[in-house]
Amino acid sequence: MNIYCIGRNYANHAKELGNAIPDQPLLFSKPSHSLTVAQGQSIVLPKGLGEIHHELEIVLKINKTVQKGNKVTDVVNEMALGLDLTLRDVQSVLKKKGQPWLRAKGFKNSAIITDFWEFSQEGCANTDFAFELNGQLVQKGNIRDMLFDFQEIIDECTEWFGLAEGDLIFTGTPEGVGLLQSNDFGRMFWGKEEKGTFSIE
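Residues numbered from 1 in each chain as written. Predicted model: local features only at pLDDT ≥ 70, side-chain atom pairs only at ≥ 80, totals over all residues. Heavy atoms only, no water.

Colleague: Looking at this structure, how should I read the environment of Cys 124?
Modeller: For Cys 124, the position within the fold is in helix α5 (residues 121-125). A relative accessible area of 0% means that Cys 124 is categorised as buried. When the C-alpha positions of Cys 124 and Ser 32 are compared, they lie 25 Å apart, and in sequence the two are 92 residues distant. If we skip the residues at most four places from it in the chain, Cys 124 touches Met 79, Phe 119, Asn 142, Ile 143, Phe 150 and Trp 190. (Helix = DSSP H or I, 4+ residues; strand = E, 2+ residues; numbered from the N terminus. Buried < 20%, exposed > 50% of the residue type's maximum accessible area, 1.4 Å probe, protein only. Contact = heavy atoms within 4.5 Å.)

Colleague: Please clarify how the pattern of salt bridges should be interpreted in this entry.
Modeller: Opposite charge on two side chains lets them pair, provided their charged atoms get close. Applying the stated criterion across every chain yields a total of nine salt bridges. Of the charged contacts in the structure, one is a salt bridge between Asp 84 and Lys 30, with a shortest N-O distance of 2.8 Å. Highlighted residues: Asp 84 in strand β7 (residues 76-84) and Lys 30 in strand β2 (residues 26-30), separated in sequence by 54 residues. In this structure, Asp 84 and Lys 30 share a single accessibility class: buried. We note a salt bridge from Lys 105 to Asp 84, for which the minimum N-O separation is 2.8 Å. Here Asp 84 lies in strand β7 and Lys 105 lies in helix α4 (residues 102-105), a separation of 21 residues in the sequence. When sorted by exposure, Lys 105 lands in the same class as Asp 84, which is buried. Linked through salt bridges whose partners overlap, the residues forming this network are Lys 30, Glu 55, Asp 84, Arg 88 and Lys 105. (Salt bridge = Lys/Arg side-chain N within 4 Å of Asp/Glu carboxyl O.)

As structure tokens, then:
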């Protein structure tokens, strides 16, 4: 199982971090050991490495080996919500040195996802997704605001890496990323439906 991620896929998110808006999908990956399912538990995150930021995303699950020309609905049957966590201070140092982001993006528990449910392309277009932190709405998004849609993302990942059954794609985060701290309580929503909760140890 591989975990691929799309960076800066919402223009307002790129702007809030002072990044250029990309002209093709910005691709990176996370190790499988970064994955954890939000089921109300307390999650341990790194201490003493600077700020850890949350980035809420729609996650697609690939259900078979993808061939060039496959449509999204041919190869995706399940979806989830996920948080791509980032050690922001570590990432800033790595970027300045021109080094890979892996230490900032791939640490244990840095990919928090909900349980999966049936994928619907139409449902995605008509449903907002959101993240609440300590009872406050901090992120809200809709795929209509994506720079690169699901099809472009799958085509790009297939061309560069290949995609097979069980692979996951984090499809990008809207604006509103921010700090996670000890004792925080997070809730992920699909429309008005709560999909996953967790706390930070």
